[in-house]
Amino acid sequence: MTVIPVDLSNSPYDIHVRAGLLADVGAILRSYARDSRLLVVTDENVAHAVLPQFAATLSSAGISCAHFILPAGEAGKSWVQLERLTDWLLEQHVERSDHIVALGGGVVGDITGFAAHIIKRGCPFVQIPTTLLAQVDSSVGGKTAINSAAGKNLVGAFHQPALVLIDPEILSTLPTRQLTAGFAEIVKYGLIDDPAFFAFCADNLDSFFAGDPDIRAQAIIRSVQSKARIVAADETERTGTRALLNLGHTFGHALEADTGFSDRLFHGEAVAAGMALAFRYSVRLGLCPADDGMRVTALLKRAGLPTTLSEAGVTANGAALVDYMRHDKKMSGGTLPFLLARGIGHTFLSKDVALDDVAAFLDSDV
Ligand code: GLY
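Since the model is a prediction, treat every value here as computed from it, not as a measurement.

Asker: Talk me through the site of the ligand; I want residue IDs and the actual numbers.
Answerer: Surveying the vicinity of the ligand reveals the residues D137, K143, K227, R242 and L245. Note that a nitrogen atom of the ligand is positioned 3.0 Å from one of the side-chain N or O atoms of D137. In the model, an oxygen atom of the ligand is placed 2.8 Å from a nitrogen or oxygen of the R242 side chain. Across the complex, the protein chains shield 90% of the 190 Å² of accessible surface that the ligand would expose by itself.

Here it is as structure tokens:
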């Protein structure tokens, strides 16, 4: 078992990573179960694939679980589902000492964390992420949210989990496209500030996708260590350090908006194209060596990820994409902070980006 601490002064917690962890999760969760009961939130897909075995494991540790099932996909992150979920928690007589368990991908983790934040003014929750993207990104760091008519994740709160449990073995049940999308967020940590980890991703890409358990565990552990370090340095994204985790996301969100935040373009795929665009834009600005821009694009392509607008299925022109960016929640005082790079592993936050120039770049990029 690898245990990675998240060193937050008010709400420190541990992330446990071990292949096969889910098979004896009951023993780990025993001390989190008030009156030997846990309230588990999951979605239709995970309920089908994992919940029966999960409940049996808890039961053999003397824990019963009541469970709530969300619809699969982004539809699970709505006001309607939040109301259903909080009503259910109240029907279950949830108390502030109860741990609510999020068993699923990013959608389940985000809405469960938000419900835990507001129910009875705050209950603890445990994250058990079952997708690669949730394991290496959204389950760690306490960003919780639902979507509103105005956009994704616009209603939410910071609410740190009490514990994160990651079992890399569960990835063998994921469709390849989901695994590939999650891989983009792994590469991101190398691009932010760890060139050696970028090289690790490049050297071990084939083994990762072939299912090598050691390479998968190492990739997850190193990603989570990076995320824990960055979150501990800037828990609520005030100083600019945590903003580095948004590399590729400003371009990416515009691409997601143009494709209707739908399965046409997964979040991780949009981030991949966004990171490739951020690097090529940095090259165009003379900030980043052209060779680094090409290496980033080449690695993401090798993983099967989109790296251009057309590969991402986006037909909008630069002006339309920049218009989406103007609605970004990071927009401040008429400017949009952008993550740019001086090279692989040297990402920085720029507040001087001219959106018209970004639009011209998008029209010229092929
Ligand atoms: N996914 C970005 C963050 O957690 O800050």
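Don't stop here, the text continues.
Asker: Could you give me a rundown of the environment of G142, with the residues and numbers involved?
Answerer: Relative to the helices and strands, G142 resides in the loop between α6 (132–138) and β7 (143–148). In sequence terms G142 and A72 are 70 residues apart; their C-alpha atoms lie 21 Å from each other. Setting aside residues up to four positions removed in sequence, G142 forms contacts with Y13, A157, F158, H159, Q160 and P161.

Asker: Describe unusual backbone geometry, listing the residues and the values that go with them.
Answerer: Despite not being glycine, H93 has its phi angle at roughly 55°, a positive value. Its place among the elements puts H93 in the loop between α4 (79–91) and β5 (100–104). Taking the relative accessible area as the measure of exposure, H93 reaches 60% and is therefore exposed. With a phi close to 60°, N153 is a non-glycine residue in the positive phi region. Position of N153 relative to the elements: it lies in strand β8 (residues 151–158).

Asker: Give a detailed account of the packing of aromatic side chains, specifying residues and quantitative values.
Answerer: Following the criterion strictly, the structure yields 8 aromatic pairs and no others. Judged by centre distance (5.0 Å) and plane angle (45°), the ring pair of Y281 and F361 falls under tilted. Taken together, the residues Y281 in helix α11 (residues 267–284) and F361 in helix α14 (residues 355–364) connect sequence positions 80 residues apart. Judged on exposure class, the residue Y281 and its partner F361 are both buried. A connected cluster of aromatic rings, assembled from ring pairs, spans F251, Y281, F338 and F361. In this arrangement the basic side chain of K188 is found over the ring face of Y189, its NZ or CZ atom lying 5.5 Å from the centre.

Asker: Now, about the nonpolar core: what can you tell me, with residues and values included?
Answerer: It is characteristic of soluble globular proteins that their nonpolar side chains tend to be buried jointly. In terms of nonpolar packing, the biggest core is built from 78 residues, with I15, F251 and M325 touching the most fellow members. Of the residues forming this core, the biggest block, 10 residues, is contributed by α11. In contact with M325, other than residues within four places in its own chain, are T250, F251, A254, M331, L336, F338, L355, V358 and L362. Core analysis: the second largest hydrophobic core is formed by 23 residues, L21, V25, I28 and L163 among them.

Asker: Could you give an account of helix α12 (residues 290–302), naming the residues involved and the relevant values?
Answerer: Compared with the 18 Å implied by 1.5 Å per residue over 13 residues, the 18 Å span of α12 between its first and last C-alpha is a close match. Looking at α12, one finds that the buried residues are D292, G293, V296, T297, L299 and L300. The buried residues of α12 all sit within an arc of 165° when viewed along its axis, so they share a single face. Turning to α12, the residues buried within the fold contact α7 (176–193), α8 (195–210) and α11. G304 occupies a position one or two residues after α12 and carries a positive phi of about 90°.

Asker: Break down the pattern of salt bridges for me, citing the residues and quoting the values.
Answerer: Counted according to the given criterion, the structure contains 19 salt bridges. A salt bridge links D35 to R34, with the nearest nitrogen and oxygen atoms 2.9 Å apart. As a salt-bridge pair, D137 and K227 come within 2.7 Å of each other at their nearest N and O atoms. With a gap of 90 residues between them, D137 in helix α6 and K227 in helix α9 (residues 213–233) connect regions that are remote in the sequence. We note that D137, like K227, is buried. Residues joined in a network through salt bridges with shared partners are R34, D35, R37, E95 and D98.

Analysis parameters
- Residues numbered from 1 in each chain as written.
- Predicted model: local features only at pLDDT ≥ 70, side-chain atom pairs only at ≥ 80, totals over all residues.
- Heavy atoms only, no water.
- Near = heavy atom within 4 Å.
- Polar contact = N/O pair within 3.5 Å; in protein donor to acceptor, adjacent residues only side chain to side chain.
- Areas by Shrake-Rupley, 256 points an atom, 1.4 Å probe, with all protein chains shown as cover.
- Helix = DSSP H or I, 4+ residues; strand = E, 2+ residues; numbered from the N terminus.
- Contact = heavy atoms within 4.5 Å.
- Buried < 20%, exposed > 50% of the residue type's maximum accessible area, 1.4 Å probe, protein only.
- Phe/Tyr/Trp six-rings, centres within 6.5 Å; stacked < 30°, edge-to-face > 60°.
- Lys NZ or Arg CZ within 6 Å of the ring centre and 35° of its normal.
- Core = buried A, V, L, I, M, F, W, Y, C linked by side-chain atoms within 4.5 Å.
- Expected span 1.5 Å × (residues − 1).
- Arc of directions from axis to C-beta.
- Salt bridge = Lys/Arg side-chain N within 4 Å of Asp/Glu carboxyl O.

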